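So the chains spell out like this:
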Amino acid sequence: MASSSRAADASGVTRKLILLAIAVVLFVALYTGGWFYAASWIKDRVERELAASARGMHSAACSDLSVRGYPFRIGVFCDSVAIDDRPSGLSATFGALRSAAQVYRPGHAVFELDGPAQVRVTPDLVFDADWDLMHASAVAWADGLDRFSAAYDGLKGKLNMPSEGLSVGIAAAHGEKHVRRSGDALDVAASLDALSLELNGKALPPMNVAADLTIADAAKWLTAEGPPPNLPLGTSTELRSLSFDLGAGQTLALSGPVTVGDDGTVSGALDLTIEGITAWRDRVSELFPQAAKTAKRVAEAVKILSGGQERAVVKVNIRQGTVYLGLFPVAEIPPL
């Protein structure tokens, strides 16, 4: 009796194991079929969208398109990427694109983009760039992006515009940009570490740059509606901080509201905090020789307001493009 009972128990366990194995095989088969069906659908959809864009005014291209990531991820891969915005005269090419999203969280994707890149704007502006690493992440919902972040290391580039006699070399050890919806507004933060500029063959010492701002009524820019074609006209921005750091305690920071009218004129009320007034005057004059007189005039006005000190905290008012320090106009900002 005991022997037959043990045999019956063993037989029951064996049946359960067999059923479990069959269930696992069926699940894997169904999951695999579902993954490859989704991959095929994504590839077909992307190819149709790219083909449709080629016939329009705003086109994109992805060479050797494939969908990879089985078993737990899914993403689009391209050997190279290109975009062409015919109305604006802007076009760009990039290296390989790799993307991935977890199958259980398809709305959150990560990307890597290889260089080199070239951006062209008619008639003759060309920006060539390359980098060691560039990666990004995006969170999207049914109505568009919710937030986006990008970071890169070892950026090197050169901007040329022969018609204006302009040649600017750019390098940055590290950079980041973050964008997210905040109600109806759009929060934007960006930074560049060890930003170096070379203007017409003249190299300038590196500096750190950071910006933190909120653009009113701009959350819809991340939806299918997209940003308006006349940007930045009609925008209203709360600039929490725009800072520049030359090192050795030489810093400059701006904060306050800024608006751009429908006619392109800039207005605002900014708080300016500056350390090393003379150094900043010399830097601006070196970078923009045509603005040397304005830089000198502004530096003198700021020093007067600070009692002759190298550090100052002053109010900068901008009215329809005219920049005022106190009651005195010191510079003009041309319409954007």
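For the structure itself, look to the data block above.
A brief structural summary.

What counts as what
- Residues numbered from 1 in each chain as written.
- Predicted model: local features only at pLDDT ≥ 70, side-chain atom pairs only at ≥ 80, totals over all residues.
- Heavy atoms only, no water.
- Helix = DSSP H or I, 4+ residues; strand = E, 2+ residues; numbered from the N terminus.
- Rg over C-alpha atoms; globule rule 2.2 N^0.38 Å.
- Buried < 20%, exposed > 50% of the residue type's maximum accessible area, 1.4 Å probe, protein only.
- Contact = heavy atoms within 4.5 Å.
- Areas by Shrake-Rupley, 256 points an atom, 1.4 Å probe, with all protein chains shown as cover.
- Lys, Arg positive; Asp, Glu negative; His and termini not counted.
- Charge placed at Lys NZ, Arg CZ, Asp CG, Glu CD.
- Disulfide = S-S within 2.5 Å.
- Core = buried A, V, L, I, M, F, W, Y, C linked by side-chain atoms within 4.5 Å.
- Pairing = 2+ DSSP bridges.
- Salt bridge = Lys/Arg side-chain N within 4 Å of Asp/Glu carboxyl O.

1. Considering the overall build of the protein
Consideration 1: Helix and strand counts for the protein stand at 3 helices and 21 strands.
Consideration 2: Against the 2.2 N^0.38 benchmark of 20 Å for 336 residues, the protein shows a C-alpha radius of gyration of 28 Å, more extended than a compact globule.
Consideration 3: Overall, the protein is about 105 × 50 × 35 Å in size when its C-alpha atoms are taken along their principal axes.
Consideration 4: Within the protein, the proportion of its 336 residues that are buried is 31%.
Consideration 5: In the protein, once contacts between residues fewer than 6 apart in sequence are set aside, the share between residues at least 24 apart is 49%.
Consideration 6: When the accessible area of the protein is evaluated, it comes to approximately 19700 Å², of which 63% is carbon and sulfur surface.
Consideration 7: The positive charge centre, built from 31 side chains, and the negative charge centre, built from 37, are 5 Å apart in the protein.

2. Details of the state of the cysteines
Consideration 1: On inspection of all chains with the given rule, the structure shows 1 disulfide.
Consideration 2: Covalently, Cys-62 is tied to Cys-78 through a disulfide, its sulfur atoms 1.8 Å apart. What sets the handedness of the Cys-62 and Cys-78 disulfide is the S-S torsion sign, and at about -105 degrees it is left-handed. Residue Cys-62 is found in strand S1 (residues 58-63), and its partner Cys-78 is found in strand S3 (residues 73-78); the two are separated by 16 residues along the sequence. Across the pair, Cys-78 and Cys-62 agree in class, each one buried.

3. Overview of the nonpolar core
Consideration 1: In terms of nonpolar packing, the biggest core is built from 39 residues, with Leu-186, Leu-270, Leu-272, Ile-274, Val-316 and Leu-325 touching the most fellow members.
Consideration 2: In terms of residue count, the dominant contributor to this core is strand S13 (residues 185-199) (5 residues).
Consideration 3: Apart from residues lying up to four places away in sequence, Ile-274 is in contact with Thr-251, Leu-252, Trp-280, Val-302, Glu-310, Arg-311 and Ala-312.
Consideration 4: Core analysis: the next-biggest nonpolar cluster, separate from the first, contains 7 residues, Leu-113, Ala-117, Trp-131 and Ala-172 among them.

4. So, the environment of Gln-309
Consideration 1: Counting through the fold element by element, Gln-309 comes out in the loop between helix H3 (292-305) and strand S19 (311-319).
Consideration 2: C-alpha of Gln-309 to C-alpha of Thr-278: the two residues are 31 residues apart in sequence and 9.9 Å apart in space.
Consideration 3: Filtering out sequence-adjacent residues up to four positions away, Gln-309 remains in contact with Ile-277 and Lys-303.

5. With respect to the side chain of Ser-59
Consideration 1: Mapping Ser-59 onto the fold places it in strand S1.
Consideration 2: Assessed through its relative accessible area of 15%, Ser-59 is described here as buried.
Consideration 3: When residues no more than four places from it in sequence are discounted, the contact partners of Ser-59 are Ser-53, Ala-54, Ala-82, Ile-83, Asp-84 and Arg-86.

6. Quick notes on the pairing of S3
Consideration 1: In terms of burial, S3 is largely enclosed, as 5 of its 6 residues are buried.
Consideration 2: Bridging between strand S2 (residues 66-68) and S3 involves 3 bridges; their strand directions are antiparallel. In the strand pairing of S3, Arg-68 is matched with Gly-75.
Consideration 3: Between S2 and S3, which pair antiparallel in sequence order, lie 4 residues; one of them, Gly-69, sits at a positive phi of approximately 125 degrees.
Consideration 4: The pairing of S3 with strand S6 (residues 97-102) spans 4 bridges and is classified as antiparallel. Residue Ile-74 lies in a different strand from S6, and its bridge partner there is Ala-101.

7. Examining the pattern of salt bridges
Consideration 1: Considering all chains together, one arrives at 14 salt bridges under this definition.
Consideration 2: Among the ionic pairs, Arg-181 bridges to Asp-143, the shortest N-O distance being 3.1 Å. Of this pair, Arg-181 sits in strand S12 (residues 166-182) while Asp-143 sits in the loop between strand S10 (133-141) and strand S11 (144-161); the two residues are 38 residues apart in sequence, bridging distant segments of the chain.
Consideration 3: Salt-bridge contacts for Asp-146 lead to Arg-147; the nearest nitrogen and oxygen are separated by 3.4 Å.
Consideration 4: For Arg-147, a relative accessible area of 38% gives the class partly exposed.
Consideration 5: Within the structure, one salt-bridge network assembled from shared partners comprises Arg-180, Asp-187, Asp-212 and Arg-240.

8. A look at unusual backbone geometry
The bulk of non-glycine residues show a negative phi, and the bulk of peptide bonds are trans.
Consideration 1: Note that the residue after Thr-122, namely Pro-123, is joined by a cis bond; omega there is 10 degrees.
Consideration 2: Topologically, Pro-123 is positioned in the loop between strand S8 (117-121) and strand S9 (125-130).
Consideration 3: At Asp-217, a residue that is not glycine, the phi angle is positive and equals roughly 55 degrees.
Consideration 4: Along the chain, Asp-217 turns up in the loop between strand S15 (207-215) and strand S16 (236-247).
Consideration 5: Backbone geometry places Gln-320, a non-glycine residue, at a positive phi of 50 degrees.

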